[in-house]
Amino acid sequence: MTVMVGLRNLKPIEVLNKDALSNIHLNSLELLEKMGVKVYSKEALTILEESGADVDRKKQMAKIPPYLVEEALRKAPKSFKLCARNPKNDVKLDGKHICCGLDGTGLSTIDLETGERRPSTKDDVAKSALIIDALKGADLYFPSVTPLDFPKHAHVLHEYDATVNNTEKHFMSGGTYLPEEAIYLIKMAVAVAGGLKELRERPILSAVACMMSPLILPLAETDAMLEFSKQGIPVVAMTMPLTGATGPITLAGSVLIGNAQILGINTVIQMKYPGTPLIYSSFPLSMEVRTGAFAVSFPEATMVAVGHIQMARNYGLPNFGGGNISSAKIPDEQAAYEKALCGLMCMLAGGDICGTIGLLENYTVLSYEQLLIDYEMYDMMLRLVQGIDVNEDTLALDTIYKVGPEGHFLAEKHTLDHTKDVWIPMLADPSPYGTWKDKGAKSVVDVAKEKAKEIIATHKPAPLDRDMKKRLAEIIKEGEKGIPH
Amino acid sequence: MQEKQAVLSELENAVKDFDREAAVEAARKALKIGMDPIEAIEKGLTKGLREVGSLFGKGELFITHLIAAAETMSSAIKVIEPEILARKAKRKVLGRVVIGTVAGDIHDIGKNLVSCLLTAAGFEVHDVGKDIPTEKFIEKAKEVEANVIGASALMTVTTPAQKELADAITKSGLKAKLVYIVGGAAVTPQWAEEIGAAYAPDANSAVKVIKSLMEIRK
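For clarity, every value in this text was computed on a predicted model and none was experimentally measured.

Engineer: What is the right way to look at the overall build of chain A in this model?
Structural biologist: Helices and strands together make up the secondary structure of chain A, namely 18 helices and 21 strands. Against the 2.2 N^0.38 benchmark of 23 Å for 485 residues, chain A shows a C-alpha radius of gyration of 23 Å, consistent with a compact globule. In terms of principal-axis extent, the alpha carbons of chain A reach across some 80 × 55 × 50 Å. Contacts spanning at least 24 positions in sequence make up 76% of the contacts within chain A whose residues lie at least 6 apart. Surface exposure of chain A reaches about 20400 Å², of which carbon and sulfur atoms provide 57%. Between the centroid of the 52 positive side chains of chain A and the centroid of its 61 negative side chains there is a distance of 4 Å.

Engineer: Is there a simple way to explain the overall build of chain B in this structure?
Structural biologist: What chain B contains, in helices and strands, is nine helices and five strands. Secondary structure of chain B in N-to-C order comes out as α-α-α-α-β-α-β-α-β-α-β-α-β-α. Taking 17 Å as the expected radius of gyration for a compact globule of 218 residues, we find that chain B reaches 18 Å, a close match to that expectation. Reported as C-alpha extents along the three principal axes, the dimensions of chain B are approximately 55 × 40 × 30 Å. Pairs at least 24 residues apart make up 74% of the contacts formed inside chain B by residues separated by at least 6 positions. Approximately 10800 Å² of chain B is accessible, and the part contributed by carbon and sulfur atoms is 54%.

Engineer: Please explain the confidence of the model for chain B as it appears in this structure.
Structural biologist: Low pLDDT marks stretches whose predicted atomic positions should not be read closely. Across chain B, pLDDT averages 93, with 99% of residues at or above 70. Two numbers describe this predicted complex: its pTM, 0.91, and its ipTM, 0.80.

Engineer: What am I meant to see in a negative patch on the surface here?
Structural biologist: Residues and elements named next belong to chain A. Where like charges cluster on the molecular surface, the negative patch consists of D389, E392, D393 and D398. Mapping D398 onto the fold places it in helix α14 (residues 397-403). Given the relative accessible area of 62%, D398 is considered exposed.

Engineer: What am I meant to see in helix α1 (residues 2-16) of chain B here?
Structural biologist: One turn of the α-helix equals 3.6 residues, which is why residues spaced by three or four share an orientation. Residues and elements named next belong to chain B. The end-to-end C-alpha distance of α1, which contains 15 residues, comes to 21 Å, matching closely the 21 Å that a straight helix rising 1.5 Å per residue would cover. Along α1, the positions that sit buried rather than exposed are V7, L8, L11, E12, A14 and V15. For α1, the arc enclosing every buried residue in end-on projection is 160°, short of the 170-degree limit, so these residues lie on one face. Among the exposed residues of α1, those pointing more than 90 degrees away from its buried face are Q2 and E3. Structurally, α1 contributes buried residues whose contacts are with α2 (20-32), α3 (37-57) and α4 (63-86). Count one or two residues on from α1 and you reach F18, which has phi positive near 55°.

Engineer: Any chance you could explain the sheet that holds strand β17 (residues 294-295) of chain A here in plain terms?
Structural biologist: In any sheet, the strands associate via hydrogen bonds between backbone groups, in a parallel or an antiparallel arrangement. Residues and elements named next belong to chain A. Taken together, the three strands give an open sheet; going across it, the order is β14-β16-β17, and neighbouring strands pair in mixed fashion. The open sheet terminates on both sides in strands that have one partner only, identified here as β14 (242-243) and β17. With two bridges connecting them, β14 and strand β16 (residues 285-287) associate as parallel partners. Along β16, the bridge assignment pairs L242 with L285. Here helix α10 (residues 299-315) sits on the sheet and contacts β14, β16 and β17; the angle it forms with β16, its principal contact strand, is near 145°.

Engineer: How should I be thinking about helix α18 (residues 466-482) of chain A in this particular structure?
Structural biologist: Residue and element names in this part refer to chain A. Spanning 17 residues, α18 covers 24 Å between terminal C-alpha atoms, matching the ideal 24 Å at 1.5 Å per step. Residues of α18 that are buried include every one of M468, L472, I475, I476 and G479, and no others. Looking straight down α18, one finds that the buried residues subtend no more than 105° of arc, so they occupy a single side. Within α18, the exposed residues directed more than 90 degrees away from the buried face are R466, D467, K470, K477 and K481. Where α18 begins, the capping side chain belongs to D465, and its oxygen is found 3.1 Å from the backbone nitrogen of D467.

Engineer: I would appreciate a short explanation of the interface of chain A and chain B in the present structure.
Structural biologist: For an interface, size is often stated in terms of accessible area lost upon the parts coming together. Across the contact, 14 residues belong to chain A and 15 residues belong to chain B. Taken together, the two surfaces of chain A and chain B that pack against each other cover about 1200 Å², and 67% of this comes from carbon and sulfur. Note that K130(B) and E406(A) form a salt bridge whose closest N and O atoms lie 3.1 Å from each other. Scanning the region where chain A abuts chain B turns up seven residue pairs in polar contact (both at pLDDT 80 or more). Elements with a contribution of two residues or more to the side of chain A that touches chain B: α15 (413-418) and α16 (433-438) of chain A. For the side of chain A that touches chain B, a count of residues per class yields five nonpolar, six polar and three charged.

Engineer: In this structure, what is going on with the packing of aromatic side chains? I would like to understand it.
Structural biologist: Where two aromatic rings form a pair, the distance of their centres and the angle of their planes describe that pair. All names here are of chain A. The full count for this structure, using the stated rule, is six aromatic pairs over all chains. Judged by centre distance (5.0 Å) and plane angle (80°), the ring pair of F283 and F320 falls under edge-to-face. In this pair, F283 is assigned in the loop between β15 (278-282) and β16 and F320 in strand β18 (residues 319-321), connecting sequence segments 37 residues apart. Each member of the pair, F283 as well as F320, carries the same accessibility label: buried. Taken together, the ring pairs connect F283, F320 and Y363 into an aromatic cluster. It is K122 that lies over the ring of F150; its NZ or CZ is 4.7 Å from the centre.

Engineer: Could you clarify how one ought to interpret the side chain of E124(B) in this entry?
Structural biologist: Residue and element names in this part refer to chain B. In this fold, E124 is placed in strand β2 (residues 124-132). Although E124 is buried, it forms no salt bridge, and the closest oppositely charged side chain is R91 at an N-O distance of 4.4 Å. A polar contact of 2.7 Å, which involves the side chain of E124, links it to the side chain of H126. In contact with E124, other than residues within four places in its own chain, are R91, V93, G95, R96 and V97.

Engineer: Could you clarify how one ought to interpret the packing of α2(B) against α4(B) in this entry?
Structural biologist: Angle between the axes and distance between the axes are the two parameters that describe a pair of packed helices. Residues and elements named next belong to chain B. Between α2 and α4, whose axes approach to 8 Å, the crossing angle comes to 25°. As judged from the angle between their axes, α2 and α4 are roughly parallel. Crossing of α2 against α4: the hand is right-handed. Contacts between α2 and α4 involve R20, A23, V24, A27, R28 and L31 from the former and E71, T72, S75, A76, V79, I80 and E83 from the latter.

Engineer: Teacher, can you tell me more about the pattern of salt bridges here?
Structural biologist: A side chain with one charge can pair with a side chain of the opposite charge if their charged atoms come near. Following the criterion strictly, the structure yields 38 salt bridges over all chains and no others. Close ionic contact of D161(A) with K122(A) constitutes a salt bridge, the shortest N to O distance being 2.8 Å. With D161(A) in helix α5 (residues 155-164) and K122(A) in helix α4 (residues 122-134), this pair connects stretches of sequence that are 39 residues apart. Comparing D161(A) with K122(A) shows no difference in burial state: the two are buried. The residue K4(B) makes a salt bridge to E39(B) at a minimum N-O spacing of 2.9 Å. Taken together, the residues span a long stretch of sequence, with K4(B) in helix α1 and E39(B) in helix α3 at a distance of 35 residues. If you follow the salt bridges from partner to partner, you end up with K402(A), E412(A), R20(B) and E71(B) in one network.

Engineer: Looking at this structure, how should I read the packing of helix α6 (residues 179-193) of chain A against α18(A)?
Structural biologist: Residue and element names in this part refer to chain A. Interaxial distance between α6 and α18 falls to 10 Å at its minimum, and their mutual angle equals 170°. With respect to their mutual orientation, α6 and α18 come out roughly antiparallel. For the pair α6 and α18, contact is made by Y184, K187, M188, A191 and V192 and by M468, R471, L472, I475, I476, E478, G479 and G482, respectively. Of the residues that constitute the contact of α6 with α18, the class distribution is eight nonpolar, two polar and three charged.

How each quantity is defined
Residues numbered from 1 in each chain as written. Chains lettered and ligands numbered in written order. Predicted model: local features only at pLDDT ≥ 70, side-chain atom pairs only at ≥ 80, totals over all residues. Heavy atoms only, no water. Helix = DSSP H or I, 4+ residues; strand = E, 2+ residues; numbered from the N terminus. Rg over C-alpha atoms; globule rule 2.2 N^0.38 Å. Contact = heavy atoms within 4.5 Å. Areas by Shrake-Rupley, 256 points an atom, 1.4 Å probe, with all protein chains shown as cover. Lys, Arg positive; Asp, Glu negative; His and termini not counted. Charge placed at Lys NZ, Arg CZ, Asp CG, Glu CD. pLDDT = per-residue confidence, 0-100. Patch = residues over 30% accessible without salt bridge, like charges linked within 9 Å, V, L, I, M, F, W, Y side chains within 5 Å. Salt bridge = Lys/Arg side-chain N within 4 Å of Asp/Glu carboxyl O. Buried < 20%, exposed > 50% of the residue type's maximum accessible area, 1.4 Å probe, protein only. Expected span 1.5 Å × (residues − 1). Arc of directions from axis to C-beta. Pairing = 2+ DSSP bridges. Axes fitted to C-alpha atoms, helices over the stretch in contact; angles between N-to-C directions. Polar contact = N/O pair within 3.5 Å; in protein donor to acceptor, adjacent residues only side chain to side chain. Buried area = accessible area lost by both parts, 1.4 Å probe. Nonpolar A, V, L, I, M, F, W, Y, C, P; charged D, E, K, R; others polar. Phe/Tyr/Trp six-rings, centres within 6.5 Å; stacked < 30°, edge-to-face > 60°. Lys NZ or Arg CZ within 6 Å of the ring centre and 35° of its normal. Parallel < 35°, antiparallel > 145°, perpendicular 65-115°, else oblique. Left-handed = near helix turned anticlockwise from the far one by under 90°.

Structure follows, in structure tokens:
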């Protein structure tokens, strides 16, 4: 398969014009100042109060003046790296490069052997991380699912353990729900990085904290985020408004409420730990108005995510939102069209971390087949956003003259020289019916299943040494005792 | 002896480098030093082509490379051919193929692909071109004592020419001597069966089908 360098040459599409951008920004400031945010974290309230916000401790409300919010935006870095255990896998977030991310953290897995849905295990984390390690253009690992066969309060530690043993790529932790989880996770990353100083210099770990809509900075997530920020670990501030339920039903209103939330948490983080790398992240949901069911990739959700990507770009903050997501239950046609449409929209809009590969049913179910299908879609999209490069060589005038009106280009040197630039599928089968039938008439899901099995059976990631494995096991044991449960 | 070895290497490398000019140059040298033309092909050009084919089989090279190698070899053979005729020698080939796009149809890229892959597989290919009347196929097949006739059609309206050719093959008494295979975007396996021809859905399978049918004929 070809892996394109994740470079966007096309001008990002815009769903918000200049007036709309400033309208949403100014109204976000006004919301934060006049209504304020609910802040469950004592530490966050203290930080905001000491910085000059109007804090009501009893009501746990903070009204944040616009100058603070804007100061905090200036303190947030505009570009940074997500480092990997092996530096060759480092990822740069600079608004030009695109990298492939995952979503999570799910609870079920569609078993690769039986095809049945079952509770997810640590082995699923290990195997999906291994596949990410094998896929050249997959840039980081985010635990697709959580290990339900291990103590739940220490799930983050087991997720990291399964990851570092199977991939050298960057680890983006999914939900961290307690500050203590963060502390033990950081301990593990310090061990792997070779020291705290080394980890600060090369953050091989980043962590997601999910805010609550409307306008709530929750206790545990906020405190965990502060723990990560203290050590200079990049944080992913995620908003997930559900249109019509936890956010307004109109797109602009949900973009506004999510944006205000991210500006709010960024203010807490940057006022205490200025310069903390922060990723503006949005995974909105649409409410299906007939039933109240929710869907991550219906047009409204996609458009809110795209609106947020544009807001983030306007602030100069790296972003992560939308991507190849779906509410489909199996890797079927619904999964394919929802993922393709949402994924491409987000990439065209200027997504920094795209892909969001591997999960079904609103980020809750891992399918190994879908992981590879999503990766193929992502790889295809990367080719699309490269655009058309026009220069003397790519116009191929000399070759066109040489071949003439009746020749062909098959054997020309120019063709051979550029063969390497052509996109090659890992799964898709372009052969005609007869040939496809002779090969077993396999659907793309069948092909993906075989490929997943092949990778799991043959890919050998760089192993951790035995002492390191032992050290990590010790920290996990401490964590299982030390994390409140 | 050393000189001969050097020229053979040049022929082989020209194919591996997809360098048509170098191949033609090396072919001229081969004639100049009086090399056996069959040896020049078999121990030089074919050796290079076989190596490219094997890398193609492993997925390390692409179809464009295989075609470029086959075309490079064909350019050199054009130089050597008169000498083969003069010596009344015969190349060892898997078979002799006459291939073309039928009358009324000028779509030839698929047919070109099949030609190249057959050459790469070790067939002697006589590509008669596009928009070729039925008699021309028959004439050429008789001339080169073909084992295979391949006829391509891209448009539904030109497929009747494939039937006309099938009838002409029967009438001319060639039917028992050769494999008639049809292909092209307008062709279905049902149509091929109806006119009594073999069928392959794409260039790779065309090579496979022809090889297996020739085996059966033996």
